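# Observations on chain architecture
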Amino acid sequence: MAARRPRVMASPMTLAQLTEEQLLARIIPRMPRGVGVLVGPGDDTAVVRCDEATIVTTDAAVRGRDWRDEWSSPQDVGAKIVAQNLADVAAMGGRPLGLVVTLLADPATPVAWVEGFADGLGEAARAAGAGVFGGDLSSAPSGVLAVSVTALGTLDGHPPVLRSGAQPGDLVAVAGTLGRSAAGLVLLQQQRPELGPELVAAQRRPQPPLAEGPLAAVAGARGMLDISDGLLRDGSRVATASAVALDFSREALAPYAARLAPAVGPGAAWECVLGGGEEHSLLACFPPGQVPTGWTVIGAVREGAGVLLDGIPQLPGGWDHFRA
C-alpha cells in the first residue's frame, strides 16, 4: 500500500498577487454608494452634491497601535473606524453623507483581511446612511497595516455645535455609555474576555449614538463633542474652549461604574468611566430645561476652569496619542 502523501495547505492569497484594479473589483461592491453621488469610485475623484455647510473630518488607525489582530477581526477594524469618524460628525450636530477610505498595507497582507475590512466598513456605513465615495490604496513596509477614513456630513441648514459654547449654569449630559470600551480593553489585556463579552464587544465595535447629535443641536446644545479620549480629557477640552469649568457628579456617574465593577473591579471601573477612551458617546452642555430625552445629566457648568468631580479639580488623564 502506497504511503499517503501529506496534505499541503494552500497559502492565503496576498495583495502582492493582485493588481490594484483586481483588488478594487473585490472591495468596491462590498460598500454602499450613498445618496447625492454624481460620480463614484473609478475616476480620479468622486463628485458629490452637498449643501452649503459641509462637515469634514478624518481619523486613522494603525495595526499594533490602534488594534491588535489577535483581538480584532478585519470586520471589527472596518466598523470601528467608521464609528470614530461618524461620531465626530454627530458631535457637530450633523448627519453623515459619506466616507473616503485609504488603505496602506504590506503587500504580504492577505486579500481576505482586506475583504473582511471592506465588509465591516461597508456594513457600518450602510447602517449609518453613509456612502463610500472612493479612496486610495498604497503599499507599505513589511508588517505595516494602516487605514484612514475621511468623513463628510451635513448640518441640514443648522449651525454647527462647537466646543466653545458652554455657559455657566448649563447642565452637562451624556448620550451613550461610559467606560465600557475601556473595560473591554482591560479584559483583553488581562486575557479574561469571558468576564464581560459585552464590554469586549464595545471595545471592538463601539456603537456611538449618532442620531443624538442632530437632535441635541435642535434641542439647543451649546457645547458638544464625542468621548474618544476619556470623559475628563474630553470634558477639559470643552471647558478650555468655553472658558468655564465642567463639574461632574460622582453620584450621577456611579451607575456607570457599578455596571463595570463585576468584571474589572471597583477601582478600575472608576478609572474606565473617568479616563477610558474610544467610547464615542456624546457629551454636551444644555441650558436648564432643554436636555432632550435619551440624555443623562452627569454634571453642571461652573465659573472657573478645567474639570471637577464634586467640586474637586481633576487632572484630565485619558488617552494621549504621543504619550500613551
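Residues numbered from 1 in each chain as written. Predicted model: local features only at pLDDT ≥ 70, side-chain atom pairs only at ≥ 80, totals over all residues. Heavy atoms only, no water.

Looking only at helices and strands, the protein has nine helices and 13 strands in total. Against the 2.2 N^0.38 benchmark of 20 Å for 324 residues, the protein shows a C-alpha radius of gyration of 22 Å, consistent with a compact globule. Along the first, second and third principal axes, the C-alpha set of the protein runs to 85 × 50 × 30 Å. Expressed as a percentage of its 324 residues, the buried residues of the protein come to 47%. Carbon and sulfur atoms make up 55% of the accessible area of the protein, which amounts to about 15600 Å² in all. For the protein, the distance from the average position of its 25 positive side-chain charges to the average position of its 33 negative side-chain charges is 7 Å. (Helix = DSSP H or I, 4+ residues; strand = E, 2+ residues; numbered from the N terminus. Rg over C-alpha atoms; globule rule 2.2 N^0.38 Å. Buried < 20%, exposed > 50% of the residue type's maximum accessible area, 1.4 Å probe, protein only. Areas by Shrake-Rupley, 256 points an atom, 1.4 Å probe, with all protein chains shown as cover. Lys, Arg positive; Asp, Glu negative; His and termini not counted. Charge placed at Lys NZ, Arg CZ, Asp CG, Glu CD.)

Within the structure shown, the criterion is met by three aromatic pairs. On the basis of an interplanar angle of 10° and a centroid distance of 5.6 Å, the ring pair of Trp-113 and Phe-117 is categorised as stacked. Here Trp-113 and its partner Phe-117 are both found in helix 3 (residues 111-128), four residues apart, which amounts to about one turn of the helix. Each of the two residues, Trp-113 as well as Phe-117, counts as buried. Ring geometry for Phe-286 and Trp-295: centres 5.2 Å apart, planes at 75°, overall edge-to-face. As far as the burial class goes, Phe-286 and Trp-295 line up, both buried. Site record: aromatic cluster; members linked through ring pairs are Trp-67, Trp-113 and Phe-117. Here Arg-68 stacks its cationic end above the ring of Trp-71, 4.0 Å away from the centre of that ring. Between Arg-250 and the ring centre of Trp-270, over which it is positioned, the NZ or CZ distance is 4.7 Å. (Phe/Tyr/Trp six-rings, centres within 6.5 Å; stacked < 30°, edge-to-face > 60°. Lys NZ or Arg CZ within 6 Å of the ring centre and 35° of its normal.)

What follows is about the sheet that holds strand 10 (residues 281-286). Strand pairs in the sheet, formed through backbone hydrogen bonds, run parallel or antiparallel to each other. Pairing in this open sheet of seven strands is mixed, and the strands run 8-10-7-11-9-12-13 from one edge to the other. Looking at strand neighbours, the two that pair on one side only are strand 8 (223-227) and strand 13 (312-314), the edges of this open sheet. Within this sheet the neighbouring strands show an average axis-to-axis angle of 30°, counted without direction. When strand 7 (residues 171-175) meets strand 11 (residues 296-302), the two strands line up antiparallel, connected through four bridges. Opposite Leu-171, over in strand 11, you have Ala-300 as the bridge partner. Helix 6 (residues 212-219) rests against strand 7, strand 8 and strand 10 of the sheet, and its axis sits at about 0° to strand 10. (Pairing = 2+ DSSP bridges. Axes fitted to C-alpha atoms, helices over the stretch in contact; angles between N-to-C directions. Contact = heavy atoms within 4.5 Å.)

On to the sheet that holds strand 3 (residues 54-62). Across the sheet, four strands lie side by side as 3-6-4-5; this open sheet has mixed pairing. Every other strand in the sheet has two partners, leaving strand 3 and strand 5 (131-139) as the edge strands with one partner each. Each neighbouring strand pair of the sheet contributes to a mean axis angle of 15°, computed without reference to strand direction. Note that strand 3 and strand 6 (residues 145-154) share nine bridges and pair antiparallel.

Let's shift gears to the pairing of strand 10. Within strand 10, six of the six residues are buried, leaving the element largely enclosed by the surrounding structure. Side chains of strand 10 alternate between two faces, with Ser-281, Leu-283 and Cys-285 and Leu-282, Ala-284 and Phe-286 buried alike. Summarising the sheet, strand 7 and strand 10 pair through five bridges and their orientation is antiparallel. Paired with Leu-171 across the strands is Phe-286, a residue of strand 10. Relative to strand 10, strand 8 runs antiparallel, the two being bridged by five bridges. Across the sheet, the residue bridging to Asp-226 is Leu-282, located in strand 10.

The residue Ser-148 is located in strand 6 in this model. At 3.4 Å, the side chain of Ser-148 and the backbone oxygen of Asp-59 are in polar contact. If we skip the residues at most four places from it in the chain, Ser-148 touches Thr-58, Asp-59, Ala-60, Ile-81, Val-100, Val-101 and Thr-102. (Polar contact = N/O pair within 3.5 Å; in protein donor to acceptor, adjacent residues only side chain to side chain.)

Summarising the element assignment, Ser-72 is placed in the loop between strand 3 and helix 2 (74-91). Beyond its immediate chain neighbours, meaning those up to four positions away, Ser-72 contacts Trp-67, Val-77 and Arg-204.

On inspection of all chains with the given rule, the structure shows 12 salt bridges. In this structure, Glu-70 and Arg-68 form a salt bridge, with 2.7 Å as the shortest nitrogen-oxygen distance. By relative accessible area, which is 53% here, Glu-70 ends up exposed. Arg-68 sits in the partly exposed class, given a relative accessible area of 37%. Of the charged contacts in the structure, one is a salt bridge between Arg-237 and Asp-234, with a shortest N-O distance of 2.6 Å. (Salt bridge = Lys/Arg side-chain N within 4 Å of Asp/Glu carboxyl O.)

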